[in-house]
Structures are given as structure tokens and as C-alpha cells.
2 protein chains.
Amino acid sequence: MGIVVQKYGGSSLADADAIKRVARRIVDVKKSGHDVVVAVSAMGDTTDDLLDLANGVSPLPPAREMDMLLTAGERISMALVAMAISDLGYTARSFTGSQAGVITDSVHGKAKIIDVTPGRITQAIGEGHIVIVAGFQGVSADTKEITTLGRGGTDTTAVALAAALEADVCEIYTDVDGVFTADPRIVPTARKLAGVSYEEMLELAACGSKILHLRCVEYGRRYGIPIHVRSSFSQLQGTWVMSDPGLDGPEEETMEQPIIAGVAHDVSEAKITVVGVPDKVGEAARIFEALADAQINLDMIVQNISAAATSLTDISFTLPRTDGQTAMTALARIQAEVGYDKLLYDDKIGKVSLIGAGMRSHPGITSKFFGALASAGVNIGMISTSEIRISVIVDESSVGDAVRATHTAFDLDADEVEAVVYGGTGR
Amino acid sequence: MGIVVQKYGGSSLADADAIKRVARRIVDVKKSGHDVVVAVSAMGDTTDDLLDLANGVSPLPPAREMDMLLTAGERISMALVAMAISDLGYTARSFTGSQAGVITDSVHGKAKIIDVTPGRITQAIGEGHIVIVAGFQGVSADTKEITTLGRGGTDTTAVALAAALEADVCEIYTDVDGVFTADPRIVPTARKLAGVSYEEMLELAACGSKILHLRCVEYGRRYGIPIHVRSSFSQLQGTWVMSDPGLDGPEEETMEQPIIAGVAHDVSEAKITVVGVPDKVGEAARIFEALADAQINLDMIVQNISAAATSLTDISFTLPRTDGQTAMTALARIQAEVGYDKLLYDDKIGKVSLIGAGMRSHPGITSKFFGALASAGVNIGMISTSEIRISVIVDESSVGDAVRATHTAFDLDADEVEAVVYGGTGR
């Protein structure tokens, strides 16, 4: 049989009992004849506890030492999981990111995996061991320093290992049963998706769904690794993220790809409007250059003429709220140079996105979406689209109504409540 | 100026304030013009907490995974110390045992250092950084597995680094002001020693003094590294452990080596007597072979004829109490073969040792020692001697009286109480 890669997050490893439950799941897969490689996050609140310790000794800890500190978290959980497996009569070997051959660039705190050289893993598998790998961490190719991959990094570790080991599947265990058509806290009748394409999952992740990290999905798509998102608290089938889930989903009957995968929302963004920009070549470029210099990632950008009689224009864009202050400062610095009138800042906004690979071949999606929002009394602030996504900016207070109305308009509601949230949220 | 190696134990790193205080001490040495390399233990109770976690998932965790788990402790403390140094405006680089080039054999849980290849340390020093190294850990030469050095291992790490880096001194920071002529909890008037020879310190460590680990002193002696044992809670000079402390002690005036270094005691041993062993060639050897096969380290051994009329002998020996059950089982197994009469087990014993390099050239030490014990009403059970040590086994309940009487008889009492114990005990 082939190799199964699994990932367990912090909420699945909250305490000794949880670790023993995870060990039993792992051993069950081994018993069924597969080789098993597991990426683990730090236990429960470990990462937050370590951050507290760091803040206790230094208000601005060096990134290199922060990575050294945080990587202790996965070291602890992986050793404990290996011990629990041993207690069940199977042998396990734990490896740090560095030992597992997770090679990254050298950007501490948000390193990117550039290669995986799993020699020690394949040797341990060959010797019959179950392999446990510390998620979220690696070692830099040039400086040989310990690095971390940033939030959600263990998902990425798991998929990267699956790719390097040519695994049959990468199972991402979490505290919900899979990917839903909307956040069940906002839409109680949200349905669990049996399958979703990489492209749809990328759009869902980019638009506020927190179930899988963006880079993990990108990695899965690039190497064609089927990702099975499921709960570590139940035995239910979860959601398969793969190339063509409608036709190949291993559990579902063959069926047409559904038009809409789901409705995502995101209330982590703010909107800045630069009012009264002279409508000349190069002015907009100067504004975005200043924002790029300040290392700010923009999301949606809209330019519109503010008044027909003048030669002035307004430029609006959205960005992470956490970057709001930095962006306002960077823009204020170029006011004289660009000659704009004023800046408006609004962080009481939310983004609602309709996502579905089917929408490229189905006309009328946009009008049905906007119609649903209008019926719910939701005002649209900004619009952006891709081939498989339509996003709108609305008032933050309207986000719930907008998501529910859209979910209903596209017949996504389940007959009964399907979603169960089993625990907290891990890394 | 040269390189100073320092070691801080868990009680010196108990919390954020303690870590900041340690960071200030380190920076002070750097400011004075030295390069500084620091070996750290895990913070306060971290190791015990990790052991509790391990016991929570498995009653008998594999040693490899236990080492992987426990080494997280020093990783946390070294990163925090580096951060606290950075906060004082100096740069620090932390390194795991593996990164620091601490190469060991592959005996998990009590590995021995076989080499130190400090390339990354010397590079970091050359770049002007303060270097923080995780104590207690290394990487095995052949299997490249993470190992730990056993209890007191961070002392050994520090001295091994000092030897590899050809440091001027290895400062061992602890929670007492130095090495005392007796345990101040038993003899309140114990005096702090300004200097003590490696040989005396080895005997003190072997006979129950817990201030320095035996292997650390052995390492220091082999490479001629002066070890300065002192408190991290005061600025007092501590005790210098070196080749000829009486003549070269850097703080004391030139003086004759004192006759007696101190009185040590140990209540961790038990005594086993094999009664009625046939007095034939090979019978004793068979007994000690059985004990060696059971991996038991013996301390004192005494053989005496039990009754002149018979050809039987009794063999008594002491061993760690923790090995008592194993030894009794191993001996019971060979009773028929050896044909001894019975086994006696006594764990209500204590060992009191008088140690001093001066005693080899001073006759009358033994008689004065035994006279002091007799005056205090202490009965002697067993005796063993080396050139610079006399040890006796007494009833456990007599240990305090024996130590105090000996301390007074050899004029070791100070005029006032010198010892301050500042905190708990670290690894």
C-alpha cells in the first residue's frame, strides 16, 4: 500500500488524552497496511504561552530567536505523539523540520519551503517506523538557521511532505468535519462539501475561509496531492480538495460539478480612499509604489471619477486592517508630491465572496448574487471578480445578512444542521 | 581579552525577571571586553513539567523520544536569554547542542560527550555576537540522533565548550555562593572554600556534594579548565576549582594547601550483605559478575570472615538505593549456584566522607576522624579510603551528628554563618 500523510493541529493535540486518541488513529492507518507520516502542530495553547514568555523578556524579540523559541512547541508534541504510539506497541520516530529535510528560504517567521529532502523519513519508513514530523518549521538553505513558516504552516508542511514522498493522500485533521458552503457560525444550515477543486479552495482561503492555509492549497495544486480535510474528533468523511472532485471524488457518486462551492466572508480588511487625485499619467503608480515600499499587500482596488466637471479621480483599495496605520502614514508622506485632496479610512467593512468553478459557464450568477444582496437590504461598496469568484465589500454589520441571503439564493442550505465544531482552533 | 564560558542552571532562569538578570550579567562581561559563551539549562520546573507530560501519554516512553522531548526545555530558555540580551542592545545567537557541535555517543538519557566541534560558535563570536548554547544535549556521532547527557549535564556542556574554545575560565552559576566545607543545611557554620583541587572536588562530588556534576569536574581536570563556582544571585567571588588552588587561587593570598577540603555526606545509598558465602576461589567473582550484568554500579565493598570456625565469609557492598531491588533480584537468582546462606538489605544508612589533598602528607587524620565519631556516639559500619578521602558508613540517623562532629574536630567551623541559599535547585 502507499504512504498516507496526516496533519494534526493544536486543538487535536490539546492534552494527553487527545494525543492518545491521535495515536490510535495513526496506528489504525498503519494497521490497515499503509505507511504513515504525520505532521504535528504545537499542543493547544503552547504557542501562545511561548509568545507570552518572549514578550516577558523583550518587547521586540529578534526574529531568529523567536523561531528558535516557537519551534520548541512542535518538538514537544511530536515526541509525545511518538511516545503514545510506542505505548500502543508500534514504533515511531519523531523528526524536527530540519531533520526531516524541510528546506526553506531564510525569512524568519514566514519562511517558504523551497525543497524537501526526506532521506531520514524514507529510511525510517523502510525500517517499519511510523514517522512524526514537526510542522511549521524548517531550516534555511543558505544559513542553516531554524525557520518557521508562519500561521497555518503545519498544513503546508504536511502537503510538502506528501509531495516529496509521493503520498497517496494528505489528510488534514482539524476540529470541524470539512469544508462547508459557508461559515456554520453564520449560516447554521451550511452544507459540508464532499469535494472542492484546488482553484475553488484557493479562492475560499483567500476570501476568509480559515480551514486551510493558502500556501498549503497552492502546494497541493502544484504537485497534484489530494487533500482530505476532516475532523480528528469523528470518523466522518470530510472534504476532498483535488483536481476534479465532481467526477473523481472517491466517496461521492459521479456527478456534475456544482455551480457554486460556497460563500466566504472576511472582516479582517480595511478600506482606504485617496480622494481628489489629479487624473494624470503616473499619479496612481506613485501611490501604489509608496504602498509597495511599505510592504503592504493590497486586495481590491477601484478607481472612479469623483466629479465629471473636474480632472480629479478617487482611488479606493482594501488591505489588512493590521496594515492600516502603516499605509496611512506612507500615503500622508506623499500628499504634497501627488497633490491629492485627502485620505478616508474605513475599517467597518466586510468582504463577501461567492466562489464556484461552475460560474464560468453559467451566465446570470452575478445578477442573482446582487439581487439577493439587494433583497436583503445590503449596500455594495466595491466589487471585484475573477473567473470563479465575485467579491463585494459591504458594511461590516451587513456581512451576516449578506452571507445568509446569498447562501439561500443559490440553494446551498441543507435540510438540517450538519456542522459540528468540536474544539478550539489550532495553528 | 579571552573567552569566558558561563553556565546558568534552572533556578537562575526561573522566570522572565531572572532571565533579564542573567542577561545583564552576561552583557557586563561582554562590556568588560571578553567574548562570552553561555550554556543554559531549562527554566525552573520545565523539565519536571515535560516529564509529567511524557508520563501522561506513556508509562515507559522510548528513550530517543524522551531526549527529543526534554531538549525542548533548553531550546526555550536559550532563545529567551538571547532575546533578553538583544533587549539590552547587544546581539546574541542561540545554538542547540547539535548546532554547537556537541558530539556524543548514542546512549539516550545519559550520553557522553566525545567531541566538540564549535565552528558555528567561533564564527558567531568572530561576528561579535554573544553565544548562548543549550546545555544538557548533543547529537550522536554515528546515528545523528538528539541525545541528553543526564542529570547535571549542563555543567559538563559548559566545561566541554570551555575546553574546545580554549576559554580562560568556566563560570558555573548556581544558587549558592560556592563550594562549602560541608552542607550548610547540616552545618550552619560551614565555610566557603576559596579554592579546591580537581581531585578534591571529584571526591566531594562522588561522596554526595551536589554542587558540581562529577563528569564536569573530570572534564575540567583533563583539559585544565579553571572552574569558578559562584552564585548568580550575588556578586561574591565563589570557589575556584583548579590544579593548585592553594598557590594559584586568583583571589586568595598565597598559602599552604589546607589539610582538609571538607566533609561530604550521602544518604542515597543502600547496603546489601551476602551472608555465608563459601570461601572458595571464584565465588565472590560470580556475585559481582551477576551485579555487573544487571548494570549496577557498586560503591564500597567489604569482605570479612563471618566465623573463624567455618569456611564461610560475608560480603557487604553499597549501591544506589534506586538499584536495590534490581540487585536483590539478581543475587537471589544465583543463590543455588553460589550456595550462600541469605541476603540482608539495609537502606537506612548514610556515608560520611572526609576529603582533603593534604591528608596524604599528614598522619593522624584517620584517628582524629574516628575519634570525633566515637565522641559523638556514632557507630561505624564500613570503611573505605583513597589517598585523599576516608569514608565511613553509619546509621542514616547519625549522619548529621557525624558530619558536625567531624567538621568541628578539623577546625572547619566559621565564626559566623557564611552560607546563603538563594533559590531552588536546577538541572
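Residues numbered from 1 in each chain as written. Chains lettered and ligands numbered in written order. Predicted model: local features only at pLDDT ≥ 70, side-chain atom pairs only at ≥ 80, totals over all residues. Heavy atoms only, no water.

As recorded by an unreviewed UniProt entry, chain A carries the name Aspartokinase and is attributed to Nocardioides furvisabuli. Its UniProt record, at the heading Catalytic activity (unreviewed entry), says of chain A: "L-aspartate + ATP = 4-phospho-L-aspartate + ADP". (UniProt positions renumbered as here; feature names shortened; annotations may be inferred.)

Undergrad: Would you mind showing me how to read helix 2 (residues 46-57) of chain A here?
TA: It helps to recall that an α-helix has 3.6 residues per turn; residues three or four apart then point in one direction. With 12 residues, helix 2 of chain A extends 17 Å from end C-alpha to end C-alpha; this agrees with the ideal 16 Å at 1.5 Å per step. Of the residues making up helix 2 of chain A, those classed as buried are T46(A), T47(A), L50(A), A54(A) and V57(A). With its buried residues spanning 95° around the axis, helix 2 of chain A presents them on a single face. Buried residues in helix 2 of chain A make contact with helix 3 (63-87) of chain A together with helix 1 (16-31) and helix 3 (63-87) of chain B. (Helix = DSSP H or I, 4+ residues; strand = E, 2+ residues; numbered from the N terminus. Expected span 1.5 Å × (residues − 1). Buried < 20%, exposed > 50% of the residue type's maximum accessible area, 1.4 Å probe, protein only. Arc of directions from axis to C-beta. Contact = heavy atoms within 4.5 Å.)

Undergrad: How do you make sense of the relation of the copies chain A and chain B when you look at a structure like this?
TA: One copy of the chain maps onto the second through a rotation about an axis and a displacement along it. Taken as rigid bodies, chain A and chain B are interconverted by a rotation of 180° and an axial shift of 0.0 Å, the fit giving an RMSD of 0.1 Å. In the structure described here, the two chain copies are related by an operation that fits a two-fold rotation axis. Closest to the rotation axis within chain A is the C-alpha of A72(A), separated from it by 2.5 Å. Comparing interface residues between copies, 100% of those in chain A also lie at the interface in chain B; the contact surface is shared. (Least-squares fit on C-alpha atoms with pLDDT ≥ 70 in both.)

Undergrad: Is there a simple way to think about the environment of S32(A) in this case?
TA: Tracing the sequence through the fold places S32(A) in the loop between helix 1 (16-31) and strand 2 (35-40). Side-chain polar atoms of S32(A) contact the backbone oxygen of V29(A), separated by 2.7 Å. (Polar contact = N/O pair within 3.5 Å; in protein donor to acceptor, adjacent residues only side chain to side chain.)

Undergrad: I keep staring at the sheet that holds strand 19 (residues 382-386) of chain A and nothing clicks. Help me out?
TA: Strand pairing in a sheet relies on backbone hydrogen bonds. The paired strands run either parallel or antiparallel. Residue and element names in this part refer to chain A. Sheet architecture is open: 4 strands sit in the order 13-18-20-19, paired in antiparallel fashion. Both outer strands of the open sheet, strand 13 (262-266) and strand 19, are each paired with one neighbouring strand and no more. Adjacent strand axes in the sheet meet at a mean angle of 20° when their direction is disregarded. Pairing of strand 19 with strand 20 (residues 389-395) involves 5 bridges; the strand directions are antiparallel. Directly across from S384, in strand 20, lies its bridge partner S391. (Pairing = 2+ DSSP bridges. Axes fitted to C-alpha atoms, helices over the stretch in contact; angles between N-to-C directions.)

Undergrad: Which parts of the structure should I look at to understand unusual backbone geometry?
TA: Glycine aside, the phi torsion of most residues is negative, and most peptide linkages are trans. All names here are of chain A. A positive phi is found at Q295, a non-glycine position, where the angle reads about 65°. Locating Q295 in the fold gives a position in the loop between helix 10 (283-293) and strand 15 (301-305). The class of Q295 is exposed, set by a relative accessible area of 68%.

Undergrad: Sorry if this is basic, but what is going on with the sheet that holds strand 6 (residues 130-134) of chain B here?
TA: Residue and element names in this part refer to chain B. The 8 strands lie next to each other as 3-6-2-1-9-11-12-10, forming an open sheet whose pairing is mixed. In this open sheet, the two edge strands, each paired with only one partner strand, are strand 3 (92-95) and strand 10 (195-197). Within the sheet, the average angular offset between the axes of one strand and its neighbour, ignoring direction, is 20°. The sheet contacts of helix 4 (residues 119-126) involve strand 1 (3-8), strand 2 (35-40), strand 3 and strand 6, and relative to strand 6 the element is tilted by about 155°.

Undergrad: Quick question: what am I supposed to make of the environment of L165(B) here?
TA: All names here are of chain B. Looking at the element boundaries, L165 is found in the loop between helix 5 (153-164) and strand 9 (169-174). Residue class for L165 comes out buried when judged on its relative accessible area of 7%. Separated by 51 residues in the primary sequence, L165 and C216 place their C-alpha atoms 16 Å from one another. Look past the residues within four positions of L165 in its chain and what remains in contact with it is I3, V5, V37, P118, I121 and T122.

Undergrad: I'm lost on the nonpolar core in this one. Help?
TA: Nonpolar side chains in soluble globular proteins tend to be buried together. Within the largest apolar cluster, 127 residues are counted, with the highest numbers of intra-cluster contacts made by I26(A), I132(A), I26(B), V37(B), I132(B) and L212(B). Discounting residues that sit within four places of it in the chain, I132(A) has contacts with I26(A), V38(A), V40(A), M78(A), V81(A), A82(A), I85(A), A92(A), R93(A), S94(A) and F95(A). Grouped together as the second largest cluster of nonpolar side chains are 47 residues, V102(A), I121(A), V196(A) and I355(A) included. (Core = buried A, V, L, I, M, F, W, Y, C linked by side-chain atoms within 4.5 Å.)

Undergrad: What am I meant to see in helix 13 (residues 365-375) of chain A here?
TA: All names here are of chain A. Every buried residue of helix 13 is listed here: I365, F369, A372 and L373. An end-on view of helix 13 places all buried positions within 100° of arc, on one side of the element. For helix 13, the exposed residues set more than 90 degrees away from the buried face come down to S367, A374 and S375. Buried-residue contacts for helix 13 involve strand 18 (349-355), strand 20 and helix 14 (399-409). Where helix 13 terminates, the next one or two residues include G377, which has phi positive at roughly 75°.

Undergrad: What am I meant to see in the pattern of salt bridges here?
TA: Pairing between side chains becomes possible if they bear opposite charge and their charged atoms approach one another. Considering all chains together, one arrives at 30 salt bridges over all chains under this definition. Between K351(A) and D299(A) there is a salt bridge, and its shortest N-O distance comes to 2.6 Å. On the criterion of sequence distance, the pair formed by K351(A) in strand 18 and D299(A) in the loop between helix 10 and strand 15 is long-range, its members being 52 residues apart. The class of K351(A) is buried, set by a relative accessible area of 3%. On the basis of relative accessible area, D299(A) is assigned to the partly exposed category, the value being 33%. Each member of the salt-bridge network shares a partner with another, and the members are R64(A), E65(A), E145(A) and R120(B). (Salt bridge = Lys/Arg side-chain N within 4 Å of Asp/Glu carboxyl O.)

Undergrad: When you look at the pairing of strand 7 (residues 137-140) of chain B in this model, what are you seeing that I'm missing?
TA: Regular strands show a simple pattern: their side chains alternate between the two faces of the sheet. Residues and elements named next belong to chain B. Here strand 4 (residues 102-104) runs beside strand 7; their pairing, made up of 2 bridges, is parallel. Looking at strand 7, one finds that I103 is bridged to V139. One ladder, built from 3 bridges, connects strand 7 with strand 8 (residues 146-148); its direction is antiparallel. Bridged to Q137 within strand 8 is T148. Connecting strand 7 to the antiparallel partner strand 8 that follows it, the hairpin turn spans 5 residues, and K144 within it adopts a positive phi of roughly 60°.

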